[in-house]
Amino acid sequence: GIQVEQSPPDLILQEGANSTLRCNFSDSVNNLQWFHQNPWGQLINLFYIPSGTKQNGRLSATTVATERYSLLYISSSQTTDSGVYFCAGNSGSARQLTFGSGTQLTVLP
Amino acid sequence: GAGVSQSPSNKVTEKGKDVELRCDPISGHTALYWYRQSLGQGLEFLIYFQGNSAPDKSGLPSDRFSAERTGGSVSTLTIQRTQQEDSAVYLCASSFQDLTEAFFGQGTRLTVV
């Protein structure tokens, strides 16, 4: 099956800093999504972004489907941004999302 | 409903007992997925439903695990003769149809003692 690599695995930021999280896929992927898992374990949808660029407040994402990667940008980070960020996508005939191992983000006050 | 709802939120059970976990998907969503997340790990796919059918059960770890979906809505994941390694958070997701945005419930934290 498809392999999903996320980098970096861990990231510690000072409040106000910017960051870029990356997601690489081993094969062409459909249905690419980014999630934030908050400290209570809830997966929050951030972006549904099979291709192109989207922005939502301080967050934006870009997917380059032909190059099999996606980037999540967080600007002016806040302590509430802390948590684990996952990317996920479908490949081939698979209907389920395959997840990366996540990026653990800690934003310090 | 407004979102995907799972129950119970927490379940502690004794080794060897059977447990049932419930998922109420978003109304009108035809696709439903179960995942498992062990402590500090990523999400492991278990089973996918389209309507009441399960075209992909490839992620179920053993024959102690089964799931059903009725009326194209509620799904139940059953774990028989629970083992300590079954301890994890079980997450359910639904989407309007295949290959569209998936939305997750809050999960059921299962602890086998």
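Just above, that's the structure.
Residues numbered from 1 in each chain as written. Chains lettered and ligands numbered in written order. Predicted model: local features only at pLDDT ≥ 70, side-chain atom pairs only at ≥ 80, totals over all residues. Heavy atoms only, no water.

**Quick look at the overall build of chain B**
Stage number 1. Within chain B, the secondary structure is distributed over zero helices and 11 strands.
Stage number 2. For 113 residues, the compact-globule estimate of 2.2 N^0.38 gives 13 Å, and chain B sits close to it at 13 Å.
Stage number 3. Dimensions along the principal axes, computed over C-alpha positions, put chain B at roughly 35 × 25 × 25 Å.
Stage number 4. Burial status across chain B gives 46% buried among its 113 residues.
Stage number 5. Taking all contacts inside chain B whose residues are at least 6 apart in sequence as the whole, residues at least 24 apart take part in 53%.
Stage number 6. Carbon together with sulfur atoms contributes 45% to the accessible area of chain B, which is approximately 5200 Å² in total.
Stage number 7. The average position of the 10 basic charges and that of the 12 acidic charges among the side chains of chain B differ by 5 Å. (Helix = DSSP H or I, 4+ residues; strand = E, 2+ residues; numbered from the N terminus. Rg over C-alpha atoms; globule rule 2.2 N^0.38 Å. Buried < 20%, exposed > 50% of the residue type's maximum accessible area, 1.4 Å probe, protein only. Contact = heavy atoms within 4.5 Å. Areas by Shrake-Rupley, 256 points an atom, 1.4 Å probe, with all protein chains shown as cover. Lys, Arg positive; Asp, Glu negative; His and termini not counted. Charge placed at Lys NZ, Arg CZ, Asp CG, Glu CD.)

**Side note on the sheet that holds strand E8 (residues 75-79) of chain B**
Two pairing modes exist for strands in a sheet, parallel and antiparallel, and in both the strands are linked by backbone hydrogen bonds.
Residues and elements named next belong to chain B.
Stage number 1. Strand order across the open sheet formed by four strands is E1-E3-E8-E7, with antiparallel pairing between neighbours. The open sheet has two free edges, formed respectively by strand E1 (5-7) and strand E7 (65-69), since each of these has just one partner strand. The mean inter-strand angle of the sheet, taken between neighbouring strand axes irrespective of direction, is 15 degrees.
Stage number 2. Of the pairings in the sheet, the one linking E7 to E8 comprises five bridges and is antiparallel in character. Following the sheet pairing, Glu68 is matched in E8 by Thr76. (Pairing = 2+ DSSP bridges. Axes fitted to C-alpha atoms, helices over the stretch in contact; angles between N-to-C directions.)

**Digging into the environment of Pro8 of chain A**
All names here are of chain A.
Stage number 1. Mapped onto the elements, Pro8 comes out in the loop between strand E1 (4-7) and strand E2 (10-14).
Stage number 2. A relative accessible area of 25% places Pro8 in the partly exposed class.
Stage number 3. Between the C-alpha atom of Pro8 and that of Leu105, which follows or precedes it by 97 residues, the distance is 9.3 Å.
Stage number 4. Apart from residues lying up to four places away in sequence, Pro8 is in contact with Thr20, Gly102 and Thr103.

**Focus on the side chain of Arg64 of chain B**
Residues and elements named next belong to chain B.
Stage number 1. Following the sequence through the fold, Arg64 ends up in the loop between strand E6 (53-56) and E7.
Stage number 2. Side-chain polar atoms of Arg64 contact the side chain of Asp86, separated by 2.8 Å.
Stage number 3. Excluding residues that lie within four positions of it along the chain, Arg64 makes contacts with Thr78, Ile79, Gln80, Arg81, Thr82, Gln83 and Asp86. (Polar contact = N/O pair within 3.5 Å; in protein donor to acceptor, adjacent residues only side chain to side chain.)

**Here's the deal with the pairing of E1 of chain A**
Taken residue by residue, a regular strand's side chains alternate between the two faces of the sheet.
All names here are of chain A.
Stage number 1. Residues Val4 and Gln6 point to one face of E1 and are all buried, whereas Glu5 and Ser7, pointing to the other face, are not buried.
Stage number 2. Bridging between E1 and strand E3 (residues 19-25) involves four bridges; their strand directions are antiparallel. Directly across from Glu5, in E3, lies its bridge partner Asn24.

**Structural notes on the side chain of Thr13 of chain B**
Stage number 1. By the secondary structure assignment, Thr13 of chain B is in strand E2 (residues 10-13).
Stage number 2. Ignoring anything within four residues of it in the chain, the contact list for Thr13 of chain B reads Val19, Thr82, Leu110, Thr111, Val112 and Val113 of chain B.

**Examining the packing of aromatic side chains**
Stage number 1. Applying the stated criterion across every chain yields a total of eight aromatic pairs over all chains.
Stage number 2. Seen in terms of ring centroids, Phe99 of chain A and Tyr35 of chain B are 5.5 Å apart; in terms of plane orientation they differ by 80 degrees. Their pairing is edge-to-face. Of this pair, Phe99 of chain A sits in strand E10 (residues 98-99) while Tyr35 of chain B sits in strand E4 (residues 31-37), which puts the two residues in different chains.
Stage number 3. A residue is classified by how much of its surface remains accessible, and Phe99 of chain A, at 9% relative accessible area, is buried. (Phe/Tyr/Trp six-rings, centres within 6.5 Å; stacked < 30°, edge-to-face > 60°.)

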